[in-house]
Amino acid sequence: MTTTAFVKFMAENSDYSQKVIHHEFLKDFEVARAAYIEKMEAGETVKITDVNYKVAHVEERSGVSAMLGKEWTKPAHDVVRVSITKAIKKIKDK
(Lines give C-alpha, C1' and ligand atoms only; values in the text may rest on other atoms or scores of the structure.)
Protein backbone atom coordinates (compact mmCIF):
# COMPACT_ATOMS: atom_id res chain seq x y z
CA MET A 1 0.00 0.00 0.00
CA THR A 2 1.40 3.37 -0.94
CA THR A 3 1.33 6.36 1.36
CA THR A 4 -1.36 7.98 -0.78
CA ALA A 5 -3.57 4.88 -0.58
CA PHE A 6 -3.00 4.67 3.18
CA VAL A 7 -3.94 8.34 3.66
CA LYS A 8 -7.13 7.90 1.60
CA PHE A 9 -8.06 4.78 3.57
CA MET A 10 -7.51 6.55 6.89
CA ALA A 11 -9.55 9.58 5.76
CA GLU A 12 -12.45 7.36 4.66
CA ASN A 13 -12.47 5.54 8.00
CA SER A 14 -12.01 8.49 10.35
CA ASP A 15 -13.22 12.02 10.96
CA TYR A 16 -9.96 13.56 9.69
CA SER A 17 -9.24 14.96 6.25
CA GLN A 18 -6.50 13.59 4.00
CA LYS A 19 -4.53 16.80 4.48
CA VAL A 20 -4.58 16.50 8.28
CA ILE A 21 -3.60 12.83 8.19
CA HIS A 22 -0.76 13.42 5.76
CA HIS A 23 0.65 16.58 7.31
CA GLU A 24 0.10 15.86 10.99
CA PHE A 25 -0.18 12.15 11.73
CA LEU A 26 2.36 10.71 9.28
CA LYS A 27 5.02 13.33 9.97
CA ASP A 28 4.63 12.99 13.74
CA PHE A 29 4.77 9.21 13.45
CA GLU A 30 7.93 9.32 11.32
CA VAL A 31 9.68 11.71 13.71
CA ALA A 32 8.79 9.57 16.73
CA ARG A 33 9.88 6.33 15.00
CA ALA A 34 13.19 7.80 13.89
CA ALA A 35 13.92 9.28 17.33
CA TYR A 36 13.17 6.00 19.09
CA ILE A 37 15.31 3.92 16.72
CA GLU A 38 18.18 6.40 17.05
CA LYS A 39 18.28 5.83 20.82
CA MET A 40 18.23 2.02 20.59
CA GLU A 41 21.34 0.08 21.64
CA ALA A 42 22.97 -2.76 19.70
CA GLY A 43 20.99 -5.98 20.10
CA GLU A 44 17.67 -4.28 20.85
CA THR A 45 14.59 -5.06 18.77
CA VAL A 46 11.31 -3.14 18.55
CA LYS A 47 8.12 -3.97 16.64
CA ILE A 48 6.18 -1.03 15.20
CA THR A 49 3.06 -1.76 13.12
CA ASP A 50 4.15 -5.26 11.98
CA VAL A 51 7.67 -4.15 11.12
CA ASN A 52 10.64 -5.22 13.25
CA TYR A 53 13.59 -2.88 13.69
CA LYS A 54 16.76 -4.43 15.13
CA VAL A 55 20.00 -2.62 15.86
CA ALA A 56 23.00 -4.79 15.04
CA HIS A 57 26.67 -4.08 15.67
CA VAL A 58 28.98 -4.51 12.67
CA GLU A 59 32.65 -5.13 13.44
CA GLU A 60 35.49 -3.27 11.77
CA ARG A 61 36.46 -4.58 8.34
CA SER A 62 39.52 -4.08 6.23
CA GLY A 63 40.94 -5.36 2.99
CA VAL A 64 42.80 -4.52 -0.17
CA SER A 65 41.16 -2.96 -3.22
CA ALA A 66 41.25 -5.39 -6.15
CA MET A 67 41.47 -2.58 -8.69
CA LEU A 68 43.94 -0.19 -7.05
CA GLY A 69 45.74 -2.45 -4.59
CA LYS A 70 45.22 0.07 -1.76
CA GLU A 71 44.32 -1.02 1.74
CA TRP A 72 40.99 0.16 3.14
CA THR A 73 39.33 0.05 6.56
CA LYS A 74 35.68 0.46 7.49
CA PRO A 75 35.25 1.26 11.21
CA ALA A 76 32.88 -0.61 13.52
CA HIS A 77 29.35 0.80 13.55
CA ASP A 78 25.72 0.01 14.34
CA VAL A 79 23.09 -0.57 11.64
CA VAL A 80 19.29 -0.84 11.76
CA ARG A 81 17.95 -4.00 10.12
CA VAL A 82 14.30 -3.97 9.09
CA SER A 83 12.12 -7.05 8.63
CA ILE A 84 8.39 -7.54 8.17
CA THR A 85 6.34 -9.89 10.31
CA LYS A 86 4.62 -13.06 9.13
CA ALA A 87 1.24 -11.29 9.11
CA ILE A 88 2.44 -8.90 6.39
CA LYS A 89 4.09 -11.72 4.45
CA LYS A 90 0.77 -13.63 4.40
CA ILE A 91 -1.05 -10.56 3.04
CA LYS A 92 1.63 -10.12 0.38
CA ASP A 93 1.30 -13.75 -0.76
CA LYS A 94 -2.50 -13.53 -1.26
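Source: prediction; values computed, not measured.

(A) A look at the nonpolar core. Counting seven residues, the largest nonpolar core consists of I37, M40, V46, I48, V51, Y53 and V55. Mapped by element, the contributors of at least two residues to this core are β1 (45–48) and β2 (51–58). Top element by residues in this core is β2. It accounts for three residues.

(B) Seen up close, the sheet that holds strand β5 (residues 77–84). Strands sit in the order β1-β2-β5 across an open sheet of three strands; the sheet is antiparallel. The sheet is open, and its two edges are formed by β1 and β5, each paired on a single side. Averaged over all pairs of adjacent strands, the angle between their axes in this sheet comes to 25°, without regard to strand direction. One ladder, built from four bridges, connects β1 with β2; its direction is antiparallel. Its bridge partner being in β2, V46 is matched across the sheet by Y53.

(C) Spatial organisation of helix α2 (residues 18–39). End to end, α2 covers 31 Å across 22 residues, agreeing with the expected 32 Å (1.5 Å per residue, within 8%). Every buried residue belonging to α2 is among I21, L26, R33 and I37, and all of these are buried.

(D) Fine view of the environment of K54. As for its position among the elements, K54 is in strand β2. Measuring from C-alpha to C-alpha, the distance between K54 and V80 comes to 5.5 Å, with 26 residues separating the pair along the chain. Ignoring sequence-local partners within four residues, the contact set of K54 consists of G43, E44, T45, V79, V80 and R81.

(E) How the structure looks around the environment of D78. As for its position among the elements, D78 is in strand β5. In this structure D78 comes out as partly exposed when scored by relative accessible area, which is 45%. Counting along the chain gives 35 residues from D78 to G43, while the straight-line C-alpha distance between them is 9.6 Å. Not counting the four nearest positions on each side in its chain, D78 is found in contact with A42, V55, A56 and H57. Here H57 takes part through its side chain, which lies 2.8 Å from a polar atom of the side chain of D78.

Calculation criteria
As a convention, each chain's residues are numbered from 1 in the sequence order in which they are written. For a predicted model such as this one, the threshold for reporting local features is a pLDDT of at least 70, and the threshold for listing and counting side-chain atom pairs is 80 or more; totals across whole chains, interfaces and linings nevertheless cover every residue. Side-chain descriptors were evaluated using all non-hydrogen atoms of the structure, hydrogens and water having been removed beforehand. Take the buried residues of types Ala, Val, Leu, Ile, Met, Phe, Trp, Tyr and Cys, join any two whose side-chain atoms come within 4.5 Å, and each joined set is a nonpolar core. Relative accessibility thresholds used throughout: buried, under 20% of the residue-type maximum; exposed, over 50%; partly exposed, between the two (1.4 Å probe, protein chains only). Strands here mean DSSP runs of E at least two residues long; helices mean DSSP runs of H or I at least four residues long; both are numbered from the N terminus. Strands were regarded as paired on the criterion that DSSP finds at least two bridges between them. Lines fitted to C-alpha atoms define the axes here, with helix axes fitted over just the stretch in contact, and angles between the N-to-C directions of these axes take values from 0 to 180 degrees. By definition here, a helix of n residues has an expected span of 1.5 Å times n minus one. We call two residues in contact whenever any of their non-hydrogen atoms come within 4.5 Å of each other. Under this definition, polar contacts are N or O atom pairs within 3.5 Å; protein pairs additionally need one hydrogen-donor-capable and one acceptor-capable atom, and for neighbouring residues in sequence, both atoms have to be side-chain atoms.

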